[in-house]
Amino acid sequence: MCGIVGLFLKDRSLERHLGQLLSEMLITMTDRGPDSAGIAIYGSAAEGKAKVTIQSAKPEADFARLEDDLAKAGIPANVSIKSTHAVIAIAADKLTAIRPILATLRPDVRVMGSGDSVEIYKETGLPKDVVARFSVRSMGGSHGIGHTRMATESAVTTLGAHPFSTGSDQCLVHNGSLSNHNNLRRELVREGMTFETQNDSEVAAAYLTSEMAKGKDLGQALSGALDDLDGFFTFVVGTKSGFGVVRDPIACKPAVMAETHQYVAFGSEYRALVNLPGIETARVWEPEPATVYFWDHQKVA
């Protein structure tokens, strides 16, 4: 049992409140997963710029002089530290090059996510503590997803927490379990994908990354997941401009959605949505089994 939340803002006047709204939604889901928690926030993208969110168990050592060391390696950067995480702002054309350089300079650092707009923060502990640790309430953005985890098949670690990110500006949160993740992992490794954990949810994220790399949009990739993934799952997925939801054909994991002219929201339970503005007049529904729901800022009027 895990708790999932997601919020896709249509009304730009709400963007400065995204972190606050999403934080409260996630904290409401605490009893669905007290082991670890995480949030992905999609903020504004700067032309020609990218960012990488990293995590360290030894931030005092790993983040010290990181800007200087990256500059010496040919990557000018600005490093913003938030507790055990740091966001590295770099030129977009350095995004591919920075990963092997980080692996050499700081071998114990782990990349949580990267892209033009996404920042991902996740740690073990209760949602209220994770939210406070990274000052999530103060963050703005266009959309975001969150997860609070009750571990069932893998260890309680930072890397095992959600969201999982396996592609630029793409991440996934999952409630459920996959039965064919080991076979699918082997296929994806043959395609060149790499994995940080043994978690089945990371395989789902990598599957979507692989499908989108073939030219599919998020909605099309989620449709393919219904054929290629076996097990019980509710996925909420974010991309640079998109927000998608899909449940397996049996749909035994709880889910509820709400939509107004200002936003689209997802929660594992309705109580995650009750404090959203205008919820009393929202269209509220349970997403259908084996049905893809997909919104994109580039397509919202």
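Residues numbered from 1 in each chain as written. Predicted model: local features only at pLDDT ≥ 70, side-chain atom pairs only at ≥ 80, totals over all residues. Heavy atoms only, no water.

Once that is clear, we can look at the overall build of the chain. A count of helices and strands for the chain gives 8 helices and 16 strands. Since a compact globule built from 301 residues should have a radius of gyration of about 19 Å, the 18 Å found for the chain is in line with a globular shape. Each of the three principal axes of the chain carries a C-alpha extent, and together these read 55 × 45 × 35 Å. Going through the 301 residues of the chain one by one, you find that 55% of them count as buried. (Helix = DSSP H or I, 4+ residues; strand = E, 2+ residues; numbered from the N terminus. Rg over C-alpha atoms; globule rule 2.2 N^0.38 Å. Buried < 20%, exposed > 50% of the residue type's maximum accessible area, 1.4 Å probe, protein only.)

Quick look at the domain arrangement of the chain now. For the chain, the assigned domains read domain 1 (3–44 + 125–296) and domain 2 (46–116). Relative placement of domain 1 and domain 2: their C-alpha centres are 24 Å apart. With 12 residues of domain 1 at the contact, the number on the domain 2 side is 14 residues. Across the domain 1-domain 2 interface, the total number found is 2 salt bridges. (Domains from an automatic or database assignment. Contact = heavy atoms within 4.5 Å. Salt bridge = Lys/Arg side-chain N within 4 Å of Asp/Glu carboxyl O.)

If you trace the 5 strands from one edge of the open sheet to the other, you get 9-10-11-12-16, paired in antiparallel fashion. The open sheet has two free edges, formed respectively by strand 9 (164–167) and strand 16 (292–296), since each of these has just one partner strand. Between one strand axis and the next, the sheet turns through 20 degrees on average, direction left out of account. (Pairing = 2+ DSSP bridges. Axes fitted to C-alpha atoms, helices over the stretch in contact; angles between N-to-C directions.)

Now for the packing of aromatic side chains. For the coordinates displayed, the defined rule picks out 5 aromatic pairs. Taking 4.6 Å as the distance between ring centres and 10 degrees as the angle between the ring planes, the aromatic pair formed by Phe 233 and Phe 235 counts as stacked. In this structure, Phe 233 and Phe 235 share a single accessibility class: buried. An aromatic cluster is present here, built from Phe 8, Phe 243 and Trp 295 joined pairwise through their rings. Between Arg 185 and the ring centre of Phe 195, over which it is positioned, the NZ or CZ distance is 5.0 Å. (Phe/Tyr/Trp six-rings, centres within 6.5 Å; stacked < 30°, edge-to-face > 60°. Lys NZ or Arg CZ within 6 Å of the ring centre and 35° of its normal.)

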